[in-house]
Structure formats: C-alpha cells, structure tokens
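Here are the chains, one letter per residue:
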Amino acid sequence: MQIQVRCSCGAESCPEWAIVELQGVVEVQPSFQDRLQNLVIGELCRPSLQENYTFTVGYHELTGSKVTLKKPLLVLKKVKYMDVDQGSDNSSAEVELDVIGVIRHKILFKTRPRALISKPQPALKERANAAGSSLSN
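Because the structure is a prediction, the values reported are computed rather than measured. (Residues numbered from 1 in each chain as written. Predicted model: local features only at pLDDT ≥ 70, side-chain atom pairs only at ≥ 80, totals over all residues. Heavy atoms only, no water.)

Trainee: Could you give an account of the overall build of the protein, with specific residues and numbers?
Mentor: When helices and strands are counted, the protein shows one helix and seven strands. Start at the N end of the protein and walk to the C end: the helices and strands fall as β-β-β-β-β-β-β-α. Taking all 137 residues of the protein together, 15% fall into the buried category. Sequence-distant contacts in the protein: of pairs separated by 6 or more residues, those separated by 24 or more amount to 62%. (Helix = DSSP H or I, 4+ residues; strand = E, 2+ residues; numbered from the N terminus. Buried < 20%, exposed > 50% of the residue type's maximum accessible area, 1.4 Å probe, protein only. Contact = heavy atoms within 4.5 Å.)

Trainee: Can you break down the packing of aromatic side chains residue by residue, with the values?
Mentor: Following the criterion strictly, the structure yields one aromatic pair and no others. A ring pair is formed by Phe 55 and Phe 109, whose centres lie 5.9 Å apart and whose planes are at 35°; its orientation type is tilted. In this pair, Phe 55 sits in strand β4 (residues 52-57) while Phe 109 sits in strand β6 (residues 91-109), placing the two residues 54 residues apart along the sequence. Pair check on accessibility: Phe 55 and Phe 109 agree, each one buried. (Phe/Tyr/Trp six-rings, centres within 6.5 Å; stacked < 30°, edge-to-face > 60°.)

Trainee: Describe a nonpolar patch on the surface, listing the residues and the values that go with them.
Mentor: Together, Val 5, Leu 74 and Leu 76 make up a nonpolar patch on the protein surface, roughly 270 Å² of accessible area in all. For Leu 74, the position within the fold is in strand β5 (residues 60-84). (Patch = residues over 30% accessible without salt bridge, like charges linked within 9 Å, V, L, I, M, F, W, Y side chains within 5 Å. Areas by Shrake-Rupley, 256 points an atom, 1.4 Å probe, with all protein chains shown as cover. Salt bridge = Lys/Arg side-chain N within 4 Å of Asp/Glu carboxyl O.)

Trainee: Describe the pattern of salt bridges, and please don't skip the residues or the numbers.
Mentor: Going through the model one piece at a time under the given rule, you end up with three salt bridges. Here Glu 16 ties to Arg 104 by a salt bridge, and the two come within 2.8 Å at their closest N and O atoms. Here Glu 16, found in strand β2 (residues 16-22), pairs with Arg 104, found in strand β6; they are 88 residues apart in sequence, far enough to count as distant. Ionic pairing is found between Lys 106 and Glu 21, a salt bridge with its closest N-O pair at 2.9 Å. Taken together, the residues span a long stretch of sequence, with Lys 106 in strand β6 and Glu 21 in strand β2 at a distance of 85 residues. For Glu 21, a relative accessible area of 29% translates into the label partly exposed.

Trainee: A description of the pairing of β4 should follow, citing residues and the corresponding values.
Mentor: Alignment of strand β3 (residues 43-45) against β4, held across three bridges, turns out to be antiparallel. Looking across to β4, one finds that Glu 43 is bridged to Thr 56. (Pairing = 2+ DSSP bridges.)

Trainee: Describe in detail the nonpolar core, supporting the description with residues and values.
Mentor: Residues Tyr 53, Phe 55, Leu 62, Ile 107 and Phe 109 constitute the largest nonpolar core, which totals five residues. Only β4 and β6 provide two or more residues apiece to this core. Discounting chain neighbours no more than four positions away, the residues touching Tyr 53 are Leu 44, Cys 45, Arg 46, Leu 62, Thr 63, Gly 64, Lys 66, Ile 107 and Phe 109. (Core = buried A, V, L, I, M, F, W, Y, C linked by side-chain atoms within 4.5 Å.)

Trainee: Now, about the environment of Ile 107: what can you tell me, with residues and values included?
Mentor: Looking at where Ile 107 falls in the secondary structure, it is placed in strand β6. In this structure, the C-alpha to C-alpha distance between Ile 107 and Thr 68, residues 39 residues apart in sequence, is 8.8 Å. Beyond its immediate sequence surroundings of up to four residues, Ile 107 is in contact with Ile 19, Val 20, Glu 21, Leu 44, Tyr 53 and Ser 65.

Trainee: Could you give an account of the side chain of Asp 98, with specific residues and numbers?
Mentor: Of note, Asp 98 is situated in strand β6. Here Asp 98 falls in the buried class, since its relative accessible area comes to 12%.

By themselves, these are just geometric observations and shouldn't be taken as functional.
See below:
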C-alpha cells in the first residue's frame with residue numbers, strides 16, 4: 001500500500017509548530033478527563049528578546065530555552081478517500097497524508113519548577129491588625 005504525502009501550503013509557507021518538552025508527568029484531574037481538547041493547563045511566555053521561556057502552571061513556574069531539532073518533523077493529518085466500485089460491493093479506502101505544519105524547534109524545560117508563593121500585602125495586614133486591636137478594646 002502506498003501512502004502519498006501532500007503539502008497544500010507550499011514548501012516555504014508551512015505553519016511553524018514547536019514541541020514543549022517537560023520533565024515529569026502532567027496529570028489531569030478526574031473532572032477534566034472527558035474534556036482534554038482545548039484544555040488550558042498554563043501560560044507560556046517569552047519575557048525578553050532572548051530565547052528563554054517561562055511556563056506557569058498553577059503555583060509553579062518553569063524556565064526553559066528554545067532548542068533547534070537535529071532533523072525537522074512534520075505534523076500530518078490523515079485523509080481517507082473512499083473508492084466505491086460500481087459493479088461490486090467492495091469499497092476500498094485510499095489514504096493520503098496532508099502536511100499541516102513543520103516542527104523545527106522545541107522549548108525544553110529541564111529544571112525543576114519554582115514555587116510561586118505570594119507574600120501578604122502590607123496594607124491588608126495593617127488593616128487586619130487594626131481591626132483585631134479595635135475588637136480587643
């Protein structure tokens with residue numbers, strides 16, 4: 001069986017994709033098991049013009065860098081065409097792969113996450129102390 005690979009976007013204008021590589025396991029809560037498509041798990045940003053990235057997941061922040069892959073990868077979409085013979089009940093499917101993107105880089109997060117712990121705001125702390133002292137009087 002021969003499978004054809006087709007690029008409809010052109011060799012130079014294929015959308016650029018990237019791989020996000022994390023160390024460890026990303027576990028999904030049981031309440032989201034059925035709804036994984038378009039699930040937002042964090043915020044990925046590049047704070048400067050350098051090739052450094054931060055990925056914030058909940059109260060954890062990871063720092064990573066952009067790495068060029070040795071060999072580029074293709075993102076493919078499988079397309080099936082049904083061929084129906086008019087003289088018989090046999091139907092065969094012709095499969096074609098359509099290129100929808102090229103992956104040339106990955107964003108590698110190889111360090112342990114840093115915990116983001118917020119400090120209480122001084123104004124709120126002073127108000128709480130003032131309210132506590134007025135209650136004790």
